[in-house]
Structures are given as C-alpha cells and as structure tokens.
Amino acid sequence: MRGFIMRQWCCTQELLKLLTLFLVLVSASAFGQTPSDTTQSSKNENVTVYGTSNPVIQNAYQRFSQPGSFTIKNNLYQSALPFVPFEFNTRINIQTLKPEAIETYVPQSNWNNIFRGGLGSRLSPYAELFHSQGKQDSYRWNVHLFHYSSFLKIKNYLPSPYTNTLVESSYKRFFPYHILSFGAKYRINSLRYYGFNTSNDTLNYNPNNNELKQWYQLADFKIAFSDTYRSFEKLHYNVSGKGYYFADRYGMVESHIDANLDVHKAFEVTNIFNHQQVGIRSQYQLYKEDNPYQERTDNFIKIMPYIDARYGIISFKAGLQVQWLQVTGKKLYAFPFLVAQMEIIPDAFSIFAGVDGGLHKNSYYDLVAKNPYLYSYDNSYQWENNKFQIHAGFKGNIARRLGFEMEAGVKFFQNKSFFDYVWSNTYKIPASDSVMQYVKNAFYVSYADGNQFYISGGLTYENSEQVKIWLTAMYREFSLNNNLKPLYEPAIQVQLGSSIRFTKKISGQLDARYVGERWASYRVLAGGSVISNPYYKLPDYIDLNLEMNYKIDDQFGGFVKLSNLLNQHYWLFNEYPVAGLEVMLGISYRF
C-alpha cells in the first residue's frame, strides 16, 4: 500500500512539474508577441482575452479586479444536486442549456426554445426546457425548467432515490444609459442520506424509515440597476440586492438578505496619474437561522472607500475595508485592500499582485452546498475571519487564442470551516417534539485557525467554434493550529475539459478530473467521551465524463452521455460512495 501511495505521489509531482514548465514556456513566448493598441471601451477598462473560455482567466484579466481564490470550475456539466454542487460528483452531470438567442446585442436566432430529454441507466428520467425571447437593445426574458430523478441503488449504501427540480426566470431591461435586471428561482431536491449499510455494518437500518431521509428547498431572488455610461466624468453606480430562503426537512431554516452599492466617479486627486477614479462600496448582509432549538440573527456591514488609477502600464486599486459584525455582541474590523497590475505587453501579458482580507459567513446554505450529509442542528455557524491574504501572478494570451494564468498566494485565517465525522448513539435528529431518532454517520462543522499556501494555474485554447480546450490545476498546503488536519480538502486538483465540433452534425464534450488524497477522520464516542480519533486519507480518484451530440436537422438532434466512465464508487466523504457509471440517451428539439 505504501509503495502504491508513493508511486501516486511521484506521478502527481511529475504532473505538476510538467504543468509548471509549460506555463513558464508559454509566458516566455508571450514576450515575442507584437503589441497592439488598447482602447477604453468601457468604464471598467476590461481587456478582452481572445480565445479564453475559462471564467477564472476572464475575471483575472479585468484590470481593476482582484483574481479570486482559485477553484476548479465545472464548465460542462450541471450537478443533479444543486444544493450540493460537488465539483467532482458524478451522480449525474447534465450540460446546462445555452440557447442561441441568449445574448442581447446579437441578431436573433430563429429558435427561441430548446428542449432536451432523456433516460439514463440509473432509472433516471431527465427533462429540460429553456425559453428565451427579447428585442435587441430593448429587453431579454429567459425561463429555465429542469428536472432529474434517479431510482437506482448505490453500491454499499442504503436505497437512495432522489429528485431535483428547478424553475427559474430572469429579465433584463435595457435603457439608453441604464440596465435593470431581476430574477427569481425555486429549487427542491430530495435525497436519503443519514446512515449507511456497508459490508461491515452491524446495524440493520430500515430503508423505509423517514428519519433517514432529507430534502432541501430554496427560493431566491435578485435585482440590480446599473449605468452604462462610457465617460469617466459621469457618476457611475451599481445597486443590487439578493436574498434567499433555505430550508430542510427537519425544520432548519436560514434566510439571507444581501444589499450592495458601488458609486464611483473620475476625480483628479493628483495630476500624476493618466486616469483615476474615487468611489465607495458598501454592503449589508443579514442572516437569520431558525430551528426548534434556537433562533439567531447576524448583521454585517462593510464600507470601503477606494481609489483606482493608472499610470502608464501600471494600474492599481486601493481601499480600506471597515467591517462591522453583530452576532451575540458587536465588533469592528478593518482590512486593507490593494491590487496592482503591470501590463507588460498590451492585451497579451500582465503581472499582478495584491493584498486583501475580510469576514465571510459559514452559512448553512454554503456548508450544505459542500456537504449534504451535514447534521441539521449543528453548533452555531461562525464567521470566518480572513485576517490577511497576499497573492501574485501573471496572466495573458498568445495569438489571441491561447489564454494562460498562474497565481500563488498565502492566506491567514480564523474559524475556517471543516467537516468532521461522528459515529455516536448520542447524535440524533428530532423526529418530533417528544421523540428522538438516533442517527449514524452524520457530519458536523469544526473550525480551525491557521494559514494556507496555494499555487494555481489555468490554460485555455479556443479556435472559433470548432475546438475549445481548458486545463486548470491547483495545489494547496494547510498549516492548522493544535495539529489539526484539513479534513476533506484535497491538496491537488486538476481538470481537463474540451468541446470539439468534428463535423456539421457531430460534436462532443469531455470532462476529466483528478482529485488527490484528502484527510478524513473516524471518531467513536462512548458515554460522551472520545475513545478513538484516528486520522486517515481517502484515496485519490479520476472522474471521466463524455457527451456526444448528433444533429439530425436544424430542429432535431440526439445525444448520448456517459458519466463516471471508470465506474469508480469513490468516497466524497467518509463511507458515502457516489453512483457508478451511467449511460443516458436523449433527444433535443429546437422550436
């Protein structure tokens, strides 16, 4: 076993070395590109990276935006469990529909509706409808309906049928110098998760026991109003608001409101800079948690005055974040914000660096999105304090087809959330006000202080609509206080994706993912005391997904989709295997 792990680690090291070498070669060759003229096409001075299809790279190339912490995004598929969007869960992966009529400033397509439907080998019916209509420079209205069900038993697990249904709509209204947009959606999904039945399980669970089941429902909304002025001399503003209502089967309810305001205007603070703006950002957040045992309300306010400016090839944005938090008490925080970029080759190669910090709520909604096996009545969900973060990297493109990005950084934090595991006859879920149902293999949230070092990179290649390829990779190393382990946080993640149009009628998409080993724990409680707390590692895994499409004519088409090609029942969390291979056949229709 040790030899196998060593071989896997050596292979992983070689993969990282090759990726790093390739990124260095790519960046070096970028200096040979011919500089091109740049124009201020919008108030944010966004630079278009031609050939870039990866959102991470696109966002990082905005001159005054800080590249966020790197996460591998799934560009091809939509998880069947939207409240548990595991980046690497293969229970089902359905491609999100993108109708031709979605863009506003593009000529209308002949088809405003797309329908896709199919049946998978997991006894899983699937149906999706997307409607889009509008008028150029006037309005755009979208409606999206989605449903997926699965009734096949997962290996070494209790019968686990689940459903996922979504209804959402969005509307944008375009005015001469403003945009008004709003949207709403409702989603419900059910799954059976508490308890399991592996080969060494000595407890006999009744699969008809309703206390082993769980479901989630989400209702959310958003609204935004912003200007589209191109002149820096105008007062620019963006007002937005969003909120949600999130509830589960056991009476756990979380409500959230988030209001944001950003106002900025060109202002000559000094004549040193070629361009400068002064602005202020503010945010108000409310979280309300309500369950049969407690009720809690959190209030959070953030205000950041800032200046962004440009001097030749150097641009920067600097501000001071003042944050106020009220939970059981009140506390005031201050965090610096600075991000700077040097454009070495216009529209081709830039280097950047920055510092940041701030508070982030470990909400029930966010935690369930990471781990659906979370115990409903956990301890009070704490705020993570990212005390200080520093990062630096480079990004750009070659020949406007190959985009690249690499970033390294370190972050110091308090109360970062991890998932721990408890096997106990004292951990239970309320079945009613007077009856308690014991639960096995539920997770709870633990918190740790420490720091994290990371290196991330991404490559994308795009040749018109024929070929699109992207590669992302990340390495993370945690250092936690009290010798704690970063439970269920893989050190290495790699994703390779591609979309290829072979002929006018045949196209395909591939999604390959590698997830490294993750620390896990197994605890046994007896009489409330911990008698065993061993740490161990879940093995790494590779997840492959493939979809092939055939266009019969302009309206009809067919597809075949293969999820989890290697048929690996790997564990995302302790003793919770994912479903194996699924083959789905379906049709598409445009009208």
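Rules behind the numbers
- Residues numbered from 1 in each chain as written.
- Predicted model: local features only at pLDDT ≥ 70, side-chain atom pairs only at ≥ 80, totals over all residues.
- Heavy atoms only, no water.
- Helix = DSSP H or I, 4+ residues; strand = E, 2+ residues; numbered from the N terminus.
- Contact = heavy atoms within 4.5 Å.
- Areas by Shrake-Rupley, 256 points an atom, 1.4 Å probe, with all protein chains shown as cover.
- Buried < 20%, exposed > 50% of the residue type's maximum accessible area, 1.4 Å probe, protein only.
- Phe/Tyr/Trp six-rings, centres within 6.5 Å; stacked < 30°, edge-to-face > 60°.
- Pairing = 2+ DSSP bridges.
- Core = buried A, V, L, I, M, F, W, Y, C linked by side-chain atoms within 4.5 Å.
- pLDDT = per-residue confidence, 0-100.

### Thoughts on the overall build of the protein
Stage number 1. Of the regular secondary structure elements, the protein holds three helices and 32 strands.
Stage number 2. Considering only residue pairs separated by 6 or more positions, the protein has 63% of its internal contacts joining residues 24 or more positions apart.
Stage number 3. For the protein, the accessible area works out to roughly 27,600 Å², and carbon and sulfur atoms hold 59% of it.

### What to know about the environment of Ser 121
Stage number 1. Looking at the element boundaries, Ser 121 is found in the loop between strand S3 (113-120) and strand S4 (124-135).
Stage number 2. Overall, the relative accessible area of 38% leaves Ser 121 in the partly exposed class.
Stage number 3. In this structure the C-alpha to C-alpha distance between Ser 121 and Val 583, which are 462 residues apart in sequence, comes to 5.3 Å.
Stage number 4. For Ser 121, the contacting residues outside a window of four places in its chain are Leu 152, Leu 581, Glu 582 and Val 583.

### A few points about the packing of aromatic side chains
Stage number 1. Under the defined criterion, the tally for this structure stands at 29 aromatic pairs.
Stage number 2. Here the aromatic rings of Tyr 148 and Tyr 162 are separated by 6.2 Å at their centres, their planes lie at 45°, and the arrangement is tilted. Taken together, the residues Tyr 148 in strand S5 (residues 139-150) and Tyr 162 in strand S6 (residues 162-174) connect sequence positions 14 residues apart.
Stage number 3. Arranged with centres 6.0 Å apart and planes meeting at 80°, the rings of Phe 418 and Phe 478 form a pair that is edge-to-face. One end of the pair, Phe 418, is in strand S17 (residues 402-422); the other, Phe 478, is in strand S21 (residues 467-480), with 60 residues separating them in the sequence.
Stage number 4. For Phe 418, a relative accessible area of 2% translates into the label buried.
Stage number 5. Assessed through its relative accessible area of 15%, Phe 478 is described here as buried.
Stage number 6. Members of the aromatic cluster, connected to one another through ring pairs, are Tyr 216, Tyr 244, Phe 246, Tyr 364, Tyr 365 and Tyr 381.

### With respect to unusual backbone geometry
Stage number 1. Unlike most non-glycine residues, Asn 415 shows phi in positive territory, near 60°.
Stage number 2. Tracing the backbone shows Asn 415 in strand S17.

### Digging into the environment of Lys 242
Stage number 1. Examined against the element boundaries, Lys 242 turns out to sit in strand S9 (residues 236-248).
Stage number 2. For Lys 242 and Ala 184, which are 58 residues apart along the polypeptide, the C-alpha to C-alpha distance reads 9.5 Å.
Stage number 3. Aside from chain neighbours lying at most four places away, what touches Lys 242 is Phe 221, Lys 222, His 256, Ile 257 and Asp 258.

### Things to note about the environment of Arg 249
Stage number 1. By secondary structure assignment, the location of Arg 249 is in the loop between S9 and strand S10 (253-266).
Stage number 2. Classification of Arg 249 as partly exposed rests on a relative accessible area of 29%.
Stage number 3. Spatially, the C-alpha atoms of Arg 249 and Tyr 216 are 6.7 Å apart, while their sequence positions differ by 33 residues.

### Some words on the pairing of strand S20 (residues 442-463)
Stage number 1. The sheet contact formed by S20 and S21 spans 14 bridges and is antiparallel. From the neighbouring strand, Gly 458 faces S21, where its bridge partner is Thr 472.
Stage number 2. Remark: three residues form the turn of the hairpin made by S20 and S21, two consecutive strands paired antiparallel; Ser 464 in that turn has positive phi of roughly 50°.

### Observations concerning the pairing of strand S28 (residues 541-551)
Stage number 1. As defined by bridge partners, strand S23 (residues 506-515) adjoins S28 across 10 bridges and the pair is classed as antiparallel. By the bridge assignment, Gly 508 is partnered in S28 with Met 548.
Stage number 2. Inspection of the sheet shows S28 paired to strand S29 (residues 556-563) by seven bridges, in the antiparallel sense. Within the sheet, the bridge partner assigned to Glu 547 lies in S29 and is Lys 561.
Stage number 3. What sits between S28 and S29 in their antiparallel hairpin is a turn of four residues.

### Some details on the nonpolar core
Stage number 1. If you look at the biggest cluster of nonpolar residues, it comprises 45 residues, and the most contacted ones within it are Tyr 364, Leu 374, Tyr 381, Phe 419, Phe 443 and Tyr 488.
Stage number 2. Those residues in contact with Tyr 364 that sit more than four places away from it in its chain are Gln 214, Tyr 216, Phe 246, Asp 248, Met 252, Glu 254, Leu 374, Ser 376 and Tyr 381.

### What about the confidence of the model for the protein?
Stage number 1. Residues with a pLDDT of 70 or more make up 72% of the protein, whose mean pLDDT is 77.
Stage number 2. Between residues 14-109, whose pLDDT stays under 50, and residues either more than four places distant or in other chains, the model counts 294 contacts.
Stage number 3. This stretch, residues 431-437, has a pLDDT under 50; its non-local contacts, to residues over four places away or in other chains, come to 12 contacts.

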